Amino acid sequence: MATNNRKHGTALLYDLISQARSFPDAIVLGRGDPDFDTPPHIIDAAEMAMRERGNHYTPPEGILSLRQVIARRVKEVNGIEVDAATEVVVTNGGQEALFLMVLATIASGEEMIVPEPNYNTYNDALTFVGGIQVPVPTYARNDFRVTPEQVREAISERTRAVLLVSPNNPTAGVIPPADVHAFVRLAADHDLLILADDIYDLFVYDDFEHCSPASLPGGKERTLTVNALSKAYAMTGWRLGWIVGPEDLMAHVKQLKAAITGGTSIISQYAAVAALEGPQEPMLAMREAYVRRRRIVLDALDEMGMRYGLPKGGQFVYADITPTGYSSAELAEKILQEQHVLVYPGSAFSEAREQYLRMTFLQPEEKLREGLQRMKLAMKSIMGSLTR
Ligand SMILES: Cc1ncc(COP(=O)(O)O)c(C=O)c1O
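## Regarding the sheet that holds strand 2 (residues 88–91)
Reasoning step 1: In spatial order, the strands read 2-8-7-6-5-3-4; together these 7 strands make up an open sheet with mixed pairing. The sheet is open, and its two borders are formed by strand 2 and strand 4 (132–137), each paired with just one other strand. When the angles between neighbouring strand axes are averaged without regard to direction, this sheet yields 20 degrees.
Reasoning step 2: Bridging between strand 2 and strand 8 (residues 241–244) involves 4 bridges; their strand directions are antiparallel. Counterpart to Val-89 in the pairing with strand 8 is Ile-243.

## Things to note about the site of the ligand
Reasoning step 1: Neighbouring the ligand are 14 residues; Gly-93, Gly-94, Gln-95, Ala-228 and Ser-230 lie closest to it.
Reasoning step 2: The element that contributes the greatest number of residues to the shell around the ligand is helix 4 (residues 93–105), accounting for 4 residues.
Reasoning step 3: Across the shell around the ligand, the residue classes tally to 5 nonpolar, 8 polar and 1 charged.

## Some words on helix 7 (residues 177–189)
Reasoning step 1: The end-to-end C-alpha separation of helix 7 is 18 Å, in line with the 18 Å expected for 13 residues at 1.5 Å each.
Reasoning step 2: All of the buried residues along helix 7 are Val-180, Phe-183, Val-184 and Ala-187. Projected down its long axis, helix 7 shows its buried positions confined to an angular sector of 100 degrees, all on one face. Within helix 7, the exposed residues directed more than 90 degrees away from the buried face are Ala-178 and Asp-189.
Reasoning step 3: Next to the buried residues of helix 7 lie helix 6 (148–154), strand 5 (159–165) and strand 6 (193–197).
Reasoning step 4: With its phi angle positive at about 50 degrees, Asp-191 sits one or two positions after the end of helix 7.

## A few points about the nonpolar core
Reasoning step 1: Grouped together as the largest cluster of nonpolar side chains are 119 residues, with contacts concentrated most on Met-101, Val-162, Leu-163, Ile-194, Ile-243, Ala-271 and Ala-319.
Reasoning step 2: When residues of this core are assigned to their parent elements, the largest contribution, 8 residues, is made by helix 4.
Reasoning step 3: Of the residues that make up this core, three or more belong to each of domain 1 (4–37 + 282–387) and domain 2 (57–277).
Reasoning step 4: Residues in contact with Val-162, not counting those within four places in the same chain, are Ile-113, Val-151, Phe-183, Ala-187, Leu-192 and Ile-194.

## Concerning the domain arrangement of the protein
Reasoning step 1: Entries for the protein in the domain assignment read domain 1 (4–37 + 282–387) and domain 2 (57–277).
Reasoning step 2: Contributions of two or more residues to the side of domain 1 that touches domain 2 are made by helix 1 (9–21), helix 10 (281–304), strand 9 (307–308) and strand 10 (316–320).
Reasoning step 3: Residue contributions to the side of domain 1 that touches domain 2 peak at 6 residues, all from helix 10.

## Some remarks on helix 2 (residues 40–52)
For an α-helix, the turn length of 3.6 residues means that residues three or four places apart are oriented alike.
Reasoning step 1: Over its 13 residues, helix 2 extends 18 Å from the first C-alpha to the last, a length consistent with the 18 Å expected when each residue adds 1.5 Å.
Reasoning step 2: Among all positions of helix 2, only Ile-42, Ala-45, Ala-46 and Ala-49 are buried. Buried residues of helix 2, viewed axially, fall in a sector of 100 degrees; they line one side. What points out from helix 2, more than 90 degrees from its buried face, is the exposed set Pro-40, Arg-51 and Glu-52.
Reasoning step 3: Where helix 2 is buried, its residues contact helix 9 (266–277).

## A closer look at the pairing of strand 13 (residues 356–360)
For a regular strand, the rule is simple: side chains alternate between the two faces of the sheet.
Reasoning step 1: Judged by how many residues are buried, strand 13 sits mostly within the fold: 5 of 5 residues are covered.
Reasoning step 2: Side chains of strand 13 alternate between two faces, with Tyr-356, Arg-358 and Thr-360 and Leu-357 and Met-359 buried alike.
Reasoning step 3: Here strand 10 pairs with strand 13 via 5 bridges, running antiparallel. Within strand 13, the residue paired with Ala-319 across the bridge is Leu-357.
Reasoning step 4: In terms of strand pairing, strand 12 (residues 344–345) meets strand 13 through 2 bridges, oriented antiparallel. Paired with Tyr-344 across the bridge in strand 13 is Arg-358.

## Examining unusual backbone geometry
Reasoning step 1: The linkage connecting Glu-116 with the following residue, Pro-117, adopts the cis geometry, with an omega of 0 degrees.
Reasoning step 2: In this fold, Pro-117 is placed in the loop between strand 3 (111–116) and helix 5 (121–129).
Reasoning step 3: At the junction of Ser-166 and Pro-167, the peptide bond is cis and its omega measures out at -10 degrees in the coordinates.
Reasoning step 4: Structurally, the position occupied by Pro-167 is in the loop between strand 5 and helix 7.
Reasoning step 5: For Ala-172, which is not glycine, the phi torsion reads 65 degrees and is therefore positive.
Reasoning step 6: Inspection of the secondary structure puts Ala-172 in the loop between strand 5 and helix 7.

Basis of the calculations
Residues numbered from 1 in each chain as written. Predicted model: local features only at pLDDT ≥ 70, side-chain atom pairs only at ≥ 80, totals over all residues. Pairing = 2+ DSSP bridges. Helix = DSSP H or I, 4+ residues; strand = E, 2+ residues; numbered from the N terminus. Axes fitted to C-alpha atoms, helices over the stretch in contact; angles between N-to-C directions. Near = placed C-beta within 6 Å. Nonpolar A, V, L, I, M, F, W, Y, C, P; charged D, E, K, R; others polar. Expected span 1.5 Å × (residues − 1). Buried ≥ 20, exposed ≤ 12 C-beta atoms within 10 Å, placed from the backbone. Arc of directions from axis to C-beta. Contact = placed C-beta atoms within 7 Å. Core = buried A, V, L, I, M, F, W, Y, C linked by C-beta atoms within 7 Å. Domains from an automatic or database assignment.

Shown next, in the form of structure tokens:
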């Protein structure tokens, strides 16, 4: 039964997830939740924290040892220099990080320029603070690149910040280093903040180089950067993320964090120290698996004759469904009902540019192939019925 035409955003996704649960053989190629187990040394650290320290509050900004580890991580991986004492706040996952970031920087009536489509919680957070989303459209034909020229044209007197998410979700579009330089210069010229989301920074492919705006001259003082362990260490349920940025803005973030949730779970914080300081091989093995799975998904889409933006990063592909004539919600529902495969409709991320499906590669290869095979059958029947 088609019930989704009126739903959009997060409500639509939860509706589809609940439908998928009713099929015992459902294959989920929509949700951004890695199939891997959290590496055992991280679980051991959590267990020890539970036994030895788990019953106490931590400072709202997180335990100092974790903040020091995060400061080292962002220096080594992202080239961002921060003071662990004053410029790092540990959060409940990337979700709280991005919400606090928006809350701390955007006032009612102020505008934030965002590449569109984007991760829908940014819009939710902006709506909450009374901010205005100024979308800059991106398209499959140039791999969902957002250009400095587009952003320049979108700047108005009310612009407060530019959102840079690279790799982006749901499009997997990336921002090349030369463009990051241009965005930082643009932000400096117009005295704007940059809100950077680096959650997929370790997942870039084909020799693409991730570049964090806060690592560039003139970048750090105007940039808040969020990240989380969720995707990189298969820890979505552990709820551990962070924000780093200049001391004045971080003081405000810290105040909000204290008022809203207080310190993040001490158990997850000690686990995070182990994740970031311990062996990185499990994370690297996951990354290798994503490289292989990405190929499998792209080959299957080629066989289906579907166009997509080449994902140079992230854990998903955004495929163009224009030729089917269906809305993305209708098509996702049809594939789910006919073949029990859950893919996410573009309308959950952008109503204006909704003619896409997001497919993640977060299933073991065998299951991924089975899901894609079923999706091929669904697409064949859909395209066949169009040509009859
Ligand atoms: C771009 C982006 N930022 C933030 C988040 C939230 O991260 P977390 O799962 O750690 O709350 C996600 C989750 O999918 C995301 O894709």
